[in-house]
Amino acid sequence: ELKEMELRLKKLKVLVPVTEELLADSTAMSSHITRKMGVRLDWKVQDAIVNGIGSGQPLGITKSTAYVSQAKETSQTADTINGFNISKMLGRVIEGPGANLVWLINPDAYNQVITMTLNNNPVWTPPNAGFKDAPSGFLLGKPIIQTDTCQTLGDKFDIILANMAGYTTITKAGGAELATSMHLYFDQQLMAFRLTFRMDGQPLLSGAVTPPNSSVTRAHFVTLDART
């Protein structure tokens, strides 16, 4: 069964006015500004993929209907994540060919993850020289990405098991475009730096699926109910 999906490029813009004196007195200022603009743009794109509302920006994982939320354990302590949470989340994610599974975790939750056990067995694997793409290590064999796009510890969406193959994006050919102008703030003797990026994205599925031999729903994205 197919559904109709429409993606339209949304514009994200970073605008920074800088005094002519600052640019003249600091030779590295231009490169510093453009680098920081790129960092800011990258953050907004990541946040939109996770939390975007879909109007004027991508539809994020948390604002879609393409995720399932695993119930907490009975009498589970507030603001905790345990091994049973993790194992049950892994059992509810859609994998299959081409799967790209990562754990998105708020940094406040990371210290719980690295000490976590399941039946007295550690579930976190530390990074080493061969794991350069996973500096935060692995949780049940899947790489961890610490990100402030996730909610605070104990809230829903403080941890997300994401199969990023289930999220699609489009971008404008050529990527981000940088431009400068002396005219916008000419009377104030300011140079304007502008970085523009156009993209859109949303989850591929409109909801969870029920496998043929189970009544437990699965999705490309799995989170954990609030533990408050």
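Residues numbered from 1 in each chain as written. Predicted model: local features only at pLDDT ≥ 70, side-chain atom pairs only at ≥ 80, totals over all residues. Heavy atoms only, no water.

Student: Provide a residue-level description of helix α3 (residues 83-90), including the pertinent values.
Tutor: Those residues of α3 lying buried are Gly83, Asn85, Ile86, Met89 and Leu90. Looking down the long axis of α3, one finds its buried residues gathered within 160 degrees of arc, a one-sided arrangement. Regarding α3, its N-cap is Asn82, as a side-chain oxygen of that residue lies 3.0 Å from the backbone nitrogen of Phe84 further along. (Buried < 20%, exposed > 50% of the residue type's maximum accessible area, 1.4 Å probe, protein only. Helix = DSSP H or I, 4+ residues; strand = E, 2+ residues; numbered from the N terminus. Arc of directions from axis to C-beta. Polar contact = N/O pair within 3.5 Å; in protein donor to acceptor, adjacent residues only side chain to side chain.)

Student: Describe a nonpolar patch on the surface, and please don't skip the residues or the numbers.
Tutor: Judged by side-chain polarity, Leu204, Leu205 and Val209 come together as a nonpolar surface patch covering roughly 200 Å² of accessible area. Mapped onto the secondary structure, Leu204 falls in the loop between β12 (190-203) and β13 (221-224). (Patch = residues over 30% accessible without salt bridge, like charges linked within 9 Å, V, L, I, M, F, W, Y side chains within 5 Å. Areas by Shrake-Rupley, 256 points an atom, 1.4 Å probe, with all protein chains shown as cover. Salt bridge = Lys/Arg side-chain N within 4 Å of Asp/Glu carboxyl O.)

Student: Talk me through the packing of aromatic side chains; I want residue IDs and the actual numbers.
Tutor: What the rule picks out here adds up to two aromatic pairs. Their ring planes at 75 degrees and their centres at 5.0 Å tell us that Tyr67 and Phe157 sit as a pair that is edge-to-face. Taken together, the residues span a long stretch of sequence, with Tyr67 in strand β2 (residues 67-70) and Phe157 in the loop between β8 (142-146) and β9 (159-163) at a distance of 90 residues. Relative to Trp124, the ring of Tyr110 has its centre 6.4 Å away and its plane inclined at 85 degrees; by these criteria the two rings are edge-to-face. You can see Tyr110 sitting in helix α4 (residues 107-113) and its partner Trp124 sitting in strand β6 (residues 124-125), a full 14 residues away along the chain. A single burial state applies to Tyr110 and to Trp124, both of which are buried. (Phe/Tyr/Trp six-rings, centres within 6.5 Å; stacked < 30°, edge-to-face > 60°.)

Student: Can you tell me about the pairing of β9, naming the residues and giving the values?
Tutor: β9 sits mainly inside the fold: five of its five residues count as buried. Side chains Ile159, Leu161 and Asn163 of β9 all project onto a buried face; the interleaved residues Ile160 and Ala162 project onto the opposite face, where all are buried too. One ladder, built from five bridges, connects strand β3 (residues 101-105) with β9; its direction is antiparallel. Among the inter-strand pairings, Val102 is bridged to a residue of β9, identified as Ala162. Where β9 meets β13, three bridges bridge the pair, whose relative direction is antiparallel. Following the sheet pairing, Leu161 is matched in β13 by Val222. (Pairing = 2+ DSSP bridges.)

Student: I'd like a rundown of the nonpolar core, residues and numbers included.
Tutor: One finds Ile81, Trp103, Ile105, Leu139, Ile144, Ile159 and Leu161 to be the most contacted residues of the largest nonpolar core, which totals 24 residues. When near neighbours in sequence (up to four residues on either side) are disregarded, Ile105 contacts Tyr110, Val113, Leu139, Ile144, Ile145, Gln146, Thr147, Cys150, Asp158 and Ile159. Within the second largest apolar cluster, 23 residues are counted, among which are Met37, Val45, Phe157 and Phe197. (Core = buried A, V, L, I, M, F, W, Y, C linked by side-chain atoms within 4.5 Å. Contact = heavy atoms within 4.5 Å.)

Student: Tell me about the pattern of salt bridges, residues and numbers included.
Tutor: Pairing between side chains of opposite charge can happen when their charged atoms approach one another. This model, assessed by the stated rule, comprises four salt bridges. Between Lys10 and Asp200 there is a salt bridge, and its shortest N-O distance comes to 2.8 Å. Separated by 190 residues along the polypeptide, Lys10 in strand β1 (residues 10-19) and Asp200 in strand β12 bring together distant segments of the chain. One salt bridge connects Glu73 with Lys88, and the closest N-O pair in it is separated by 2.8 Å.

Student: Hey, could you go over helix α2 (residues 29-51) for me, with residue numbers and the actual values?
Tutor: In a regular helix each residue adds 1.5 Å, so 23 residues correspond to 33 Å; α2 covers 32 Å between its end C-alpha atoms and thus fits that length. Those residues of α2 lying buried are Met29, Ile33, Met37, Leu41, Val45, Ala48, Ile49, Val50 and Asn51. (Expected span 1.5 Å × (residues − 1).)

Student: Residue-level account of the environment of Ala208, with values.
Tutor: Here Ala208 is to be found in the loop between β12 and β13. Taking the relative accessible area as the measure of exposure, Ala208 reaches 40% and is therefore partly exposed. Between the alpha carbons of Ala208 and Tyr67 there is a distance of 6.4 Å; along the sequence they are 141 residues apart. Contacts of Ala208, omitting those with residues within four sequence positions, involve Thr65, Val68, Thr217, Arg218 and Ala219.

So, to be careful, I would describe these as geometric facts and stop short of saying anything about function.
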